[in-house]
Amino acid sequence: MSEQNGVMMQFFHWYTQGDGSLWKQLAESAQTLSEAGITALWLPPAYKGANGGYDTGYGVYDLFDLGEFDQKGSVRTKYGTRDEYLNAIKTAQSGGIEVYADIVFNHKMGGDAEEKFLATPYSPTNHNELIAEKQEIMAWTNFTFPGRNGKYSELQWHWWHFSATDRNMYDQEMEAVFLFDGKTFGEEDPAEGNVDFLMGCNIDTKNPDVRQELFYWGEWYLETTGVNGFRFDAMKHLEFGFMLDWIRHLREKSGKDLFVVSEYWTGHSDAIQHFIEVTEGNMMLFDVNLHYNFARASKDGSSFDLRTIFDTTLVQDHPDLAVTFVSNHDTQPLQELESVVEKWFKPLAYALILLRQSGYPCIFAADYYGAHYSDQGKDGQDYEIWMDSHQDLLNGFLYARKTFCYGPQYDYLDAPTCIGWTRASNERNPTGMAVLLSSGDYATKHMETGSANTQYYDMTNQIQEDVWTNESGWGEFRCNAGSVSVWLPR
């Protein structure tokens, strides 16, 4: 018998409550999530950020401070203390859930002292465009971590450990990316040009001190936390070769096939193909184009051709490398990469990632638990956002996935507004199951489950009448307008 179908959950969103309670919530929720069918959790960055207890973790200050030292105005991080973090990981793992840590190597923020050195200003929108001559600048590039006082690591970071920054304290009005003297930008992105610099103090992974420190930190982090794998942040802006060396080093050191998924945020398939070739298929990737297809389908409604929902996607071209998702912390309302999948389409989208054969699906905490928050939009206006909980429906999909999603998949992706598929009967699932979704009107489709004379019910409760298959294992399955029905055996 094969193992249970895996499902990852992103156990946070951008506006997760900042009261330091997330790690405790995880410890309390782990068993329930495991029973529901969650097999892995992606947790937010657990180290101290520049904004201390308010930092989401992506403005990295000290990789070694997991909520242990009084730095940046707090001991705990936004999510809790080091002890609470380690306890949450152990509790989740004891319940059969793997834990993936969020790794942010691209930049550091919140330096402890300024340094003066030479740098050349480039355009912030085109890193190949020189906008002024080389000049002396002053920037917050000295990281001494006084609260930690050399515990775990004695390395203090200086300007030469970085390659660029976006703030010159001599001229704070100047918008530029300042390339440090003797440094170069990384290789060009095949689709978007030079994207080496993202924000803050850009870490130089070519520097021997930096390479040694990050390799050592990886060993320390793995030994300290015991996590099962990693999510790499901002991969598009990093040196692919270094990240490949880093994960290979940790896999060899630990003797474990550590899981890795990279966030390479692009809609360009050629850039993704280049990344896969360079990293030799050693890392999975979030399927960004599938998310974009979901967002577009949710806005276009019945005018979107559902037969094309998997076009240009990773799950279609490289199914073994695809982590499929509907939404995440970057795409949620009011975020920089805001790309909303409308409420009506989310059940359809989650059926498309949770109930099919290909891809490793990731559920978003804000879709599972719901979310309520306020923030300023790009237009400067204040907004209040309510994201609905789809927990009951998702728990139903999770039950179907872990119980019935094992047989061969028969696709019926043959109509512009109505598509379906079945997971046919096999040794583990002797009765099969069927899924039908419509972006238009009420729909029916003749589909084969491979199980003759079998009674099926719609677990979503959208359709009340049951469906029977005939002697050949075929049935006329149905779904309502703009919805999805999941047909399980009685």
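Summarised in this report is the structure supplied together with it. In this text the structure is predicted, and so the values were computed from the model without any measurement. All residue numbers refer to positions counted from 1 along the written sequence of the respective chain. Owing to the predicted nature of the model, reporting of local features is limited to residues with pLDDT of at least 70; listing and counting of side-chain atom pairs is limited to 80 or more, with chain, interface and lining totals taken over all residues. Side-chain numbers come from the whole structure's heavy atoms, not from hydrogens or water.

Let us now look at the layout of surface pockets. Size it by volume and the largest pocket reaches roughly 770 Å³. Around the largest pocket, the lining is made up of 29 residues, and of these Leu-198, Met-199, Asp-330, Glu-336 and Leu-337 lie nearest the centre. Lys, Arg, Asp and Glu make up the charged group, whereas Ala, Val, Leu, Ile, Met, Phe, Trp, Tyr, Cys and Pro make up the nonpolar group; the residues left over, Gly among them, are polar. In the lining of the largest pocket, the residues fall into 13 nonpolar, nine polar and seven charged. In this analysis, the protein atoms alone were mapped onto a 1 Å grid. Cavities are point sets where a 1.4 Å probe fits without being able to get out; pockets are open sets with protein on both sides within 12 Å along at least five of seven lines; lining residues have an atom within 4 Å of a point. Grid points are joined across faces, edges and corners, and a volume is the space filled by probe spheres set on the points.

Any two of the Phe, Tyr and Trp rings considered here, Trp counted by its six-membered ring, make a pair once their centres fall within 6.5 Å; the pair's planes then place it as stacked at under 30 degrees, edge-to-face at over 60, or tilted in between. Applying the stated rule across the entire model yields 46 aromatic pairs. Between the aromatic rings of Phe-240 and Phe-275, the centroid separation amounts to 4.9 Å while the plane-to-plane angle is 90°, which identifies the pairing as edge-to-face. Of this pair, Phe-240 sits in helix H4 (residues 240-254) while Phe-275 sits in helix H5 (residues 269-278), and the two are 35 residues apart along the sequence. Phe-275 matches Phe-240 in its accessibility class, with the two residues each being buried. Lysine NZ or arginine CZ positioned within 6 Å of the ring centre and within 35 degrees of the ring normal marks a charge as sitting over the ring. Geometry around Phe-143 places Lys-108 over its ring, the cationic atom sitting 5.6 Å from the centre. Between Arg-428 and the ring centre of Tyr-406, over which it is positioned, the NZ or CZ distance is 3.9 Å. Put simply, DSSP marks the helices as runs of H or I at least four residues long and the strands as runs of E at least two long, and each gets a number from the N terminus on. Type-normalised accessible area, obtained with a 1.4 Å probe on protein chains alone, sets the label of each residue: buried when under 20%, exposed when over 50%, and partly exposed for intermediate values.

A separate point is the environment of Phe-178. Counting through the fold element by element, Phe-178 comes out in strand S10 (residues 177-180). Using a relative accessible area of 0% as the deciding quantity, one classes Phe-178 as buried. Taking the C-alpha atoms as reference, Phe-178 lies 9.1 Å from Lys-134; in sequence the two are 44 residues apart. Two residues qualify as a contact provided that any one of their heavy atoms is within 4.5 Å of a heavy atom in the partner residue. Beyond its immediate stretch of four places on either side in the chain, Phe-178 contacts Ala-119, Thr-120, Pro-121, Ile-137, Ser-163, Ala-164, Thr-165, Asp-166, Arg-167 and Asn-168.

Alternating residues of S10 divide into Val-177 and Leu-179 and Phe-178 and Phe-180, and every residue in both groups is buried. By the convention used here, strands pair only if DSSP detects at least 2 bridges between them. Across four bridges, the pairing between strand S7 (residues 113-122) and S10 is antiparallel. Counterpart to Ala-119 in the pairing with S10 is Phe-180. Where strand S9 (residues 162-165) lies against S10, two bridges are found, and the strand directions are antiparallel. Looking across to S10, one finds that Thr-165 is bridged to Phe-178.

Let us look at the nonpolar core. The set of buried Ala, Val, Leu, Ile, Met, Phe, Trp, Tyr and Cys residues whose side-chain atoms join them within 4.5 Å is what this entry labels a nonpolar core. Tyr-85, Tyr-221, Phe-230, Trp-246 and Leu-355 are the most contacted members of the largest nonpolar core, which has 136 residues in total. Residues in contact with Leu-355, not counting those within four places in the same chain, are Tyr-350, Phe-397, Ala-400, Arg-401, Cys-405, Trp-421, Arg-423, Met-433, Val-435 and Val-486. Judged by nonpolar contacts, the second largest core, of 13 residues, contains Ala-415, Leu-436, Met-447 and Val-467.

With that settled, consider unusual backbone geometry. Its identity is not glycine, yet Lys-72 carries a phi of approximately 55°, on the positive side. Under the relative-accessibility criterion, Lys-72 is labelled partly exposed at 30%.

The next thing to look at is the sheet that holds strand S15 (residues 322-325). One closed barrel accounts for eight strands, arranged S1-S2-S5-S12-S13-S14-S15-S16; its pairing is parallel. Each neighbouring strand pair of the sheet contributes to a mean axis angle of 25°, computed without reference to strand direction. With two bridges connecting them, strand S14 (residues 284-286) and S15 associate as parallel partners. Paired with Phe-286 across the strands is Val-323, a residue of S15. Helix axes are fitted to C-alpha atoms over the stretch in contact, other axes to C-alpha atoms as well, and angles between N-to-C directions run from 0 to 180 degrees. Across the sheet, helix H8 (residues 346-354) is in contact with S15 and strand S16 (360-364); its angle to S16 comes to roughly 150°.

The term salt bridge refers to a side-chain nitrogen of Lys or Arg lying within 4 Å of a carboxyl oxygen of Asp or Glu. With the rule as written, the count across this model stands at 21 salt bridges. Across the salt bridge formed by Arg-251 and Asp-257, the nearest N and O atoms sit 3.8 Å from each other. For Arg-251, a relative accessible area of 15% translates into the label buried. Close ionic contact of Lys-299 with Glu-342 constitutes a salt bridge, the shortest N to O distance being 3.7 Å.

Take helix H6 (residues 288-300) next. Under the convention used throughout, the expected extent of a helix is 1.5 Å for every residue step, that is, one less than its residue count. Its 13 residues give H6 an end-to-end C-alpha distance of 18 Å, which sits within 8% of 18 Å, the value for a rise of 1.5 Å per residue. The complete set of buried residues in H6 reads Val-288, Asn-289, Leu-290, His-291, Asn-293, Phe-294, Ala-295, Ala-297 and Ser-298. Tucked inside the fold, the buried residues of H6 contact H5, S14, helix H7 (314-317), S15 and H8. Following H6 by one or two positions, Gly-301 has its phi on the positive side, about 60°.

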